[in-house]
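Next come the chains, spelled out residue by residue.
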Amino acid sequence: KFGWGKADEGKTWRMVPPQSSAAAVLSGPDGPSVDEKGILGEAAFTVTVYAASSSHVHKEHFDAAFRLGKLIAESGWRQVNGGGLTGLMGAATEGGIAAGGVVDAVILEMFLNTNMSTKLRNVEVAADMPTRKQGLFDAADAIVTLPG
C-alpha cells in the first residue's frame, strides 16, 4: 500500500486480473467491478481526456479543459484521464467533478504521492507510460487530446 494519507480513507487496493495491463486498482467504497465490462467496470460512454499536468499553459486552455470536463459530465458520460492534480488534466477533472460527473484515471505509480487528484472515483495504477497509455486507450469510446 502506498502512503495516501486522507486520500485513502474508504478506498482499498485490489489486484487486477492477469489479462489487464495495470498493476492494481484503487477503488471507492463501492469498488470497481472487474468483469466483462473492463477494469473500471463501466458500461457508460467514456471519454478519455489526454492532457498534460504542466501549469505552463495559457489560461484560455485551462478554461477550455474545465469546460470540456463539465460538458462530458453534463452529457452523462464518464471521463477518464491520467489522474494528475495539476495542469489541463487537473482542470478537466475539476470541471467534471464540479458538474457532478464521474472521473476515473490511469496514473503512473510514480505520481501516486506527488501529483494525483483526490477527487477521482477509481484509479488504475500503471508501472510505465506505455501501460498507462494503453489503459487510457482501452477505457475510451472517444479520445480528446489537449495541448500542454
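Structure: see above.
Being a predicted model, the structure only gives us computed values, none of them experimental. (Residues numbered from 1 in each chain as written. Predicted model: local features only at pLDDT ≥ 70, side-chain atom pairs only at ≥ 80, totals over all residues. Heavy atoms only, no water.)

The next subject is the overall build of the chain. Helix and strand counts for the chain stand at three helices and seven strands. Tracing the chain from N to C terminus, the helices and strands come up as β-β-β-α-β-α-β-β-α-β. Counting only residues that meet the buried cut, the chain has 45% of its 148 residues in that class. Pairs at least 24 residues apart make up 62% of the contacts formed inside the chain by residues separated by at least 6 positions. As displayed, the chain offers around 7,500 Å² of accessible surface, 56% of which is attributable to carbon and sulfur atoms. (Helix = DSSP H or I, 4+ residues; strand = E, 2+ residues; numbered from the N terminus. Buried < 20%, exposed > 50% of the residue type's maximum accessible area, 1.4 Å probe, protein only. Contact = heavy atoms within 4.5 Å. Areas by Shrake-Rupley, 256 points an atom, 1.4 Å probe, with all protein chains shown as cover.)

Residue placement: G96 occurs in helix α2 (residues 87-98). Judged by its relative accessible area of 2%, G96 falls in the buried class. When the C-alpha positions of G96 and I72 are compared, they lie 6.7 Å apart, and in sequence the two are 24 residues distant. Once residues within four sequence positions are removed from consideration, G96 is found in contact with G69, K70, A73, Q79, G101 and V103.

Once that is clear, we can look at the pairing of strand β3 (residues 46-50). Of all five residues that make up β3, four are buried, and the element is covered over most of its length. Pairing between β3 and strand β4 (residues 78-81): three bridges, direction parallel. What sits directly across from V47, in β4, is Q79. Running through helix α1 (residues 59-74), the crossover from β3 to the neighbouring parallel element β4 is right-handed. (Pairing = 2+ DSSP bridges. Right-handed = clockwise from strand over helix to strand, strands pointing away.)

Every buried residue of helix α3 (residues 129-139) is listed here: T131, R132, G135, L136 and A139. Down the axis, α3 shows its buried residues gathered within 135° of arc, on one side only. In α3, the exposed residues that point more than 90 degrees away from the buried face are P130, F137 and D138. (Arc of directions from axis to C-beta.)

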